[in-house]
Amino acid sequence: MSDPKTKKVKLSGTSATRLPHKVLIDLYGRMRSIRAFEDKIHDSFLNGLVYGTTHLCQGQEAVSAGAIAPLIDGDYLTYTYRGHGQCIARGMDMEAAFAEVFGRSTGVSGGLGGSMHLTDMDLGLIGSFAIVGAGLPVAAGAAMTCQYEEKGNVAMTFFGDGSTNIGAFHETMNLAVVWNLPLLFICENNLYGEYSPILSTTPYEDIARRAEAYAMPSDIVDGNDAQAVYEVVSRHVERARRGGGPGFIECKTYRYKGHSRSDPAKYRTDEELASWMEKDPLKQMVKLLMENKILTQKEIEAIDQEISAHTDMAAKNAAEAPFPTEKSLLDETYATTPLKNFG
Amino acid sequence: MSDPKTKKVKLSGTSATRLPHKVLIDLYGRMRSIRAFEDKIHDSFLNGLVYGTTHLCQGQEAVSAGAIAPLIDGDYLTYTYRGHGQCIARGMDMEAAFAEVFGRSTGVSGGLGGSMHLTDMDLGLIGSFAIVGAGLPVAAGAAMTCQYEEKGNVAMTFFGDGSTNIGAFHETMNLAVVWNLPLLFICENNLYGEYSPILSTTPYEDIARRAEAYAMPSDIVDGNDAQAVYEVVSRHVERARRGGGPGFIECKTYRYKGHSRSDPAKYRTDEELASWMEKDPLKQMVKLLMENKILTQKEIEAIDQEISAHTDMAAKNAAEAPFPTEKSLLDETYATTPLKNFG
Amino acid sequence: MEITYREAIVAAQREALKNDDRVMVMGEDIGVSGGPFKTTVGLFEEFGGARVRDTPICEEAFVGAAMGMAVTGRRPIVELMFADFMGVCFDQIVNGIAKHRFMCGGKVMVPLVIRTMGGGGTRFGAQHSQTGETWVSQFPGLKVVCAADPSDAYNMLRWAIKEDNPVIVLEHKFLFTRTQDVDLDAPISADILTPAVLRQGNDVTIVATLAMVERALAAAETLAAKGINVEVINLRCLRPLNMEPILESVRKTNRLLCVEENHSTGGWGGEVAARTTSEAFDYLDAPPERLTLPDWPMPYSPELEDAAMPSADKVVETVVAMLT
Amino acid sequence: MEITYREAIVAAQREALKNDDRVMVMGEDIGVSGGPFKTTVGLFEEFGGARVRDTPICEEAFVGAAMGMAVTGRRPIVELMFADFMGVCFDQIVNGIAKHRFMCGGKVMVPLVIRTMGGGGTRFGAQHSQTGETWVSQFPGLKVVCAADPSDAYNMLRWAIKEDNPVIVLEHKFLFTRTQDVDLDAPISADILTPAVLRQGNDVTIVATLAMVERALAAAETLAAKGINVEVINLRCLRPLNMEPILESVRKTNRLLCVEENHSTGGWGGEVAARTTSEAFDYLDAPPERLTLPDWPMPYSPELEDAAMPSADKVVETVVAMLT
Ligand SMILES: Cc1ncc(C[n+]2csc(CCOP(=O)(O)OP(=O)(O)O)c2C)c(N)n1
Ligand SMILES: Cc1ncc(C[n+]2csc(CCOP(=O)(O)OP(=O)(O)O)c2C)c(N)n1
Ligand SMILES: [Mg+2]
Ligand SMILES: [Mg+2]
């Protein structure tokens, strides 16, 4: 196994287009959908439609869009309680997603899962994991399936910077390398784990350094630049599809909201937040699209409006859906094994 | 925190003396005691005095001797099921150690622990851990105590190469760095975890590479050369005592026996075993002592004989001690909190 | 003094930090920010980051480290953010902390406290709603207590910190804002483990823990209006289990109902019912009954979650059924 | 065919590996070397290292990976070397595997098998002697079975592999060399979960699992010589618990004794006793009794370990006491 190199990628700001226009437009659409979805969840929370807690990802949209756009049918994903972005980027039906967060029977999980557990196996969306680190081993298993089935599929797992201090992370990194699994580790380094700044819990800011301990190829990328994320992740995905094993991509990004709805995020300064909002992934992409004359302001507004209307409608329908009322949830707990299994 | 460097130390073979003579003699004595103890356990097993299973460390004596000799009163250690070497090197009473392995009431743990659980808090010997990785977090806690008490004490934890794939290892490495704990990680890399060769479970043979992921200073040392182990570990211990934080030392070594008593070790070749026996830590030290005219053959034989006699006597006494017969072991399960605690 | 359950937890820790420099507190986000559930508010400011320590996300490491501190003479308090997270450090708790003294032949002690918060009713979904009661109460070497109100929360934690054995203190997320008049200067004592008869009655003995206690008490009111007088016992300590007050009560009421927020199989109600049957068989006029969670994980959707939780209404119904 | 318990386990896995290419086996040292307890002997040679996979020491990763495989259409079998090691992957088992289908609204299935070996009597000390029965049987979403003899070992594992839900198969280290005549071509069926009446009798119903079953049977012989006829039931499946055969038996014998290798608090005996009391109260001539481990971890010293384990003698004593 050759020695991996961590390649530092500078936070990019506006850059030239390096991807086909339709890919850039697609990335913008995914990001805008995520933003619209999360903003709507935020409002819905304030309107009492969301119960318990919720973890939003505004500011981090470029990671989900850029990392997931290179995926194809048959690829698998696991993600975390902060997983709405991945689901929307992968094309989860918005109404069913809202319905789940609103606890309705039309939700992707029939209202049993909630905000922290959006899943849709038809899209390879295996699940959100509310226990830090728990999604990584599961993604390794999905990657094993891909390896057995030899169709060139891959698995991808998303996790935060804080999660790289827990045991399951380490065990999965090692296993992926030892078994040469087609597994992409996407670390969303948003500089905080809950209320703790990264440097209080980890010896350095460049999480990709972790990968070196497993001789795993890694990259650091501007996680607010969807184009850059797409390019870097694509390279790793292509290698994994050809049997080249796992890869680790650290995406530098930032969340605008608090950790969860109960967190006013007092642990960070207004300036820090403002500086990241300057580098907003959607703003950056708009600039790119316009400066390169790929889309006009009007065309962008049209996209925004369409997504906004679609989002509103999805949320509205979801909010009108019934709550589940089943007396027994035994079937949801256990599958009924068909007799033919034993035959 | 400055970047750590892994320094490769070549397997050394005979070398010049770099330590005071009495230190070398001391190291030899510790190693000879460990060897005598383990050989006797092996015989005792065959004689039916040892129950269940036991994990021997013949071949690895230089690690325990070299790493533990630099420790002082008030330092703490945790180790594994293969932990007899550390206990003897630290000066555990041999008779009480035998008695424990023989399940007698005079054992260090009253016969309740067994071969996998030798402990003696008066010597800072916190305990063997029969669950892979479990001793590391506990050692971190002992290191926290040292840190709070500011007496310049350190904690040291021993573990095998295979253990560096489990979560607790990773979590403890990170925690030790983030909290700058006076904690020494001594990895006994004997090339196998149970029956699995290291390269089937880990991406490379130089476990010290793991340390780089935590920005922890590390070294690789010939684990069959007690002098080298002593020197390298001393350097890390001294740094830790002065508040310089944790260090990781990989000791390249080999176990002569199978993993446990039920393992005939068919997974390795006779040549491999023989080549390591060539590099036997005791033989090496004998050569060093004699070539440098520190001890004569006769003097060495006298040491050997004394240790051998002591070991025989300890084992004999242990084997004559009674088995525990308590009807209730409640006091051994729970401490009785004195009323003054609440007062 | 009238304090909340949450304030009770803070107060007990403050007292210990102040009076015993071997005590320290650690957990995720419990320092600067005062804890995700605000159960360490002000402690960081008062005692500093060395003694009120934010940890990385590494439950195995810091729970194991608590054991290492305890056996070397310190008295750590660990906060585990959710009781469900005992899963990631289960080995440390049940194979390490619980058994260490025993494996050392009783020669060491392991004085540490793990505080954790569990329970349903908060719409947190299946992985953040378990009480954890029956995860740990089966292991000798541990002591396991459940705080049902601010007085319990305060006095159990104070006791736990003084105790020379490892104690798991289970709190309930639903109770954080409950208030009660608590004597902050009461003596610290193991009496806080004794099951407490909170209401006297002759018809049925109801045993409950955590958030189920207030529901049992509410049910008792309703039942009283119907002329049924139940005795309500706050069980308090799952290990060691003190059956005497329960047996005494059942000898009077001749009927037992256990109300718990756990699944039936493996719940403590089975143990309490079995021991009551075994030790007070001739006093029982009816078989002991149990009101538990249904046999599925906790659903997120509000109505389903409410339906899953044992409620005061269900207690009333069950008691009425037991008497007819 | 007369086979050992160990051979039964190998045979069931071989059959599945041969007939279903979605099946694979993984665990520590189970490949080339055939398993620390020789429960995978020959499988590596026959099916290769991809399907009979040695893992690094990382239970969280490979148990979690089994879940990932299962939800993506494969049918993995995991060997956990000792039941006690469920502690290091407890989160994966109880928060992940057990709850995943439910949290997906019942839209996926998680067909996987975790085989693990537990139990005392082998002088392995406190951290390598637990059966694990009551660690996992409290969690809805899991099925938990206990193999008491070669036929159980063979047929439970065959059933578990076909089952569309996660199954924990608990084996007992003490039983590996037991032999029995097993029909290797018997149909695979869920009937293997039904508690089995292994010996009929009218005086007392004894329910047991794992290594306690043969001790109960031995006790039954001794008791028969004294003119006491006990009915011995191999409980087999802890979750879901099928009480019917037990209730039927108790309605006949009017007495129940549970014999288990777990501590009393949290043991399955409490559940079985409580449900028997609840559902057959009027048939009981005496309170259900339980014979369990004492309330301390497993001691290493041989006599102490033997004294801790429920023995045939103790069963005899307890039964005699119940009848006088
Ligand atoms: C095992 C475990 N410990 C603690 C938590 C509580 N918790 C939830 S999210 C979180 C922070 C995670 O930080 P990071 O991985 O950076 O992800 P981010 O939230 O920033 O996306 C913590 C501590 C948990 N869910 N699971
Ligand atoms: C969590 C856990 N998994 C598996 C085991 C079984 N086991 C005991 S020792 C061992 C190998 C450890 O290898 P290594 O760390 O290299 O130490 P060595 O035995 O070579 O000294 C294994 C797999 C265990 N005790 N604990
Ligand atoms: Mg983060
Ligand atoms: Mg090794």
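In this convention, every chain numbers its residues from 1, walking through the sequence in written order. Labels are handed out in written order, letters beginning with A for the chains and numbers beginning with 1 for the ligands. For this predicted model, a pLDDT threshold of at least 70 governs which residues receive local features, and a threshold of 80 or more governs which side-chain atom pairs are given and counted, while totals over whole chains, interfaces and linings are taken from all residues. Hydrogens are left out, water is left out, and the side-chain values use all remaining heavy atoms of the structure.

For chain A, the average pLDDT comes to 95, and 96% of its residues sit at 70 or higher. Between residues 1-7 of chain A, whose pLDDT stays under 50, and residues either more than four places distant or in other chains, the model counts 16 contacts. Per-residue confidence from the predictor is reported as pLDDT, which spans 0 to 100. Note on contacts: a residue pair qualifies if any of its non-hydrogen atoms lie within 4.5 Å across the two residues.

This next bit is on the pairing of strand β14 (residues 289-293) of chain D. Residue and element names in this part refer to chain D. Summarising burial for β14: four of the five residues are buried, a large majority. When strand β13 (residues 256-263) meets β14, the two strands line up parallel, connected through four bridges. Paired with H263 across the strands is L293, a residue of β14. Here the term right-handed applies to a crossover when the path leading from its first strand over the helix to its second strand runs clockwise, the strands being oriented away from the viewer. In this description a helix means any DSSP run of H or I spanning at least four residues, a strand means any run of E spanning at least two, and both kinds are numbered starting from the N terminus. Traced from β13 through helix α10 (residues 268-280) to β14, the parallel crossover comes out right-handed. When a residue's accessible area, from a 1.4 Å probe over protein chains only, is under 20% of the maximum for its type it is buried; when over 50% it is exposed; and in between it is partly exposed. The pairing criterion is simple: DSSP has to find at least two bridges between the two strands.

This brings us to the nonpolar core. Throughout this description, the term nonpolar core refers to a set of buried Ala, Val, Leu, Ile, Met, Phe, Trp, Tyr and Cys residues connected via side-chain atoms within 4.5 Å. Grouped together as the largest cluster of nonpolar side chains are 329 residues, with contacts concentrated most on A:F248, B:F248, C:M26, C:I93, D:M26 and D:I93. Residues contacting C:I93, with those up to four places away along its chain left out, are C:V63, C:M86, C:A98, C:I114, C:V136, C:L142 and C:I168.

Okay, the site of ligand 2 next. Neighbouring ligand 2 are 21 residues, the closest being B:R82, B:G162, B:S163, B:N190 and D:E59. At ligand 2, the nearby residues belong to more than one chain, namely chains B and D. Each accessible area is a Shrake-Rupley result for a 1.4 Å probe, and residues are judged covered by the shown protein chains and nothing else. Starting from 580 Å² of accessible surface for ligand 2 in isolation, the protein chains cover 97%. For this purpose, a residue is taken to be near a molecule or strand whenever a single non-hydrogen atom of the residue falls within 4 Å of it.

In the region of ligand 1, 21 residues are neighbours, and A:Y81, A:R82, A:G162, A:S163 and C:E59 sit closest. Flanking ligand 1 are residues from chains A and C. For ligand 1, an oxygen atom lies 2.7 Å from a polar atom in the side chain of A:R82. Polar contacts, as counted here, are pairs of nitrogen or oxygen atoms within 3.5 Å of one another; within protein the pair requires one atom able to donate a hydrogen and one able to accept it, and residues that are adjacent in sequence qualify only if both atoms are side-chain atoms. Within the contact set of ligand 1, an oxygen atom lies 2.9 Å away from a side-chain nitrogen or oxygen of A:D161. When ligand 1 is considered free in solution it has 590 Å² of accessible area, and contact with the protein chains removes 97% of it. When its residues are assigned to classes, the shell around ligand 1 shows ten nonpolar, six polar and five charged. Gly falls in the polar group here, along with every residue not listed as nonpolar (Ala, Val, Leu, Ile, Met, Phe, Trp, Tyr, Cys, Pro) or charged (Asp, Glu, Lys, Arg).

Only the six-membered ring of Trp is used, alongside the rings of Phe and Tyr, when aromatic pairs are assigned; centres must lie within 6.5 Å, and planes under 30 degrees apart are stacked while those over 60 apart are edge-to-face, with the rest tilted. One pass over the full model with this rule turns up 44 aromatic pairs over all chains. Relative to A:F248, the ring of A:F159 lies with its centre 6.1 Å away and its plane at 55 degrees, an arrangement referred to as tilted. Linking A:F159 in strand β4 (residues 155-160) with A:F248 in strand β9 (residues 247-252), this pair joins segments that are 89 residues apart in sequence. Judged by centre distance (6.3 Å) and plane angle (80 degrees), the ring pair of B:F169 and B:F248 falls under edge-to-face. Highlighted residues: B:F169 in helix α6 (residues 167-178) and B:F248 in strand β9 (residues 247-252), separated in sequence by 79 residues. This pair shows no difference in class: B:F169 is buried, exactly as B:F248 is. Of the aromatic side chains, those joined through ring pairs into one cluster are C:Y5, C:F37, C:F82, C:F85, C:F124 and C:F176. The ring of A:W179 has D:R53 sitting right over it, with the charged end atom 4.6 Å from the ring centre. Our definition puts a charge over a ring when NZ of Lys or CZ of Arg is within 6 Å of the ring centre and also within 35 degrees of the ring normal.

This paragraph deals with the coordination of the magnesium ion (ligand 4). Residues and elements named next belong to chain B. Distances from the magnesium ion (ligand 4) to its protein donors, namely D161 (OD), N190 (OD1) and Y192 (O), fall within the range 2.0 to 2.2 Å. Every donor residue of the magnesium ion (ligand 4) comes from the same chain, spaced as D-x28-N-x1-Y. Residue D161 is found in the loop between β4 (155-160) and α6, and its partner N190 is found in the loop between β5 (183-189) and β6 (192-193); the two are separated by 29 residues along the sequence. For the pair D161 and N190, one class covers both residues: buried. For Na, K and Ca the donor cut-off is 3.2 Å, while for other metals it is 2.8 Å, and in both cases only N, O and S atoms qualify; water is not among them, so sites may look incomplete.

A few words on the sheet that holds strand β11 (residues 230-234) of chain C. Residue and element names in this part refer to chain C. A sheet is described by the order of its strands in space; here five strands give the open sequence β9-β11-β10-β13-β14, paired in mixed fashion. Of all strands in the sheet, those with a lone pairing partner are β9 (196-199) and β14 (289-293), marking the two edges. When the angles between neighbouring strand axes are averaged without regard to direction, this sheet yields 25 degrees. Only the contacting stretch of a helix is used when fitting its axis, a line to C-alpha atoms as for every element, and angles between N-to-C directions run 0 to 180 degrees. Running at roughly 155 degrees to strand β13 (residues 256-263), helix α10 (residues 268-280) makes contact with β10 (204-208), β13 and β14 of the sheet.

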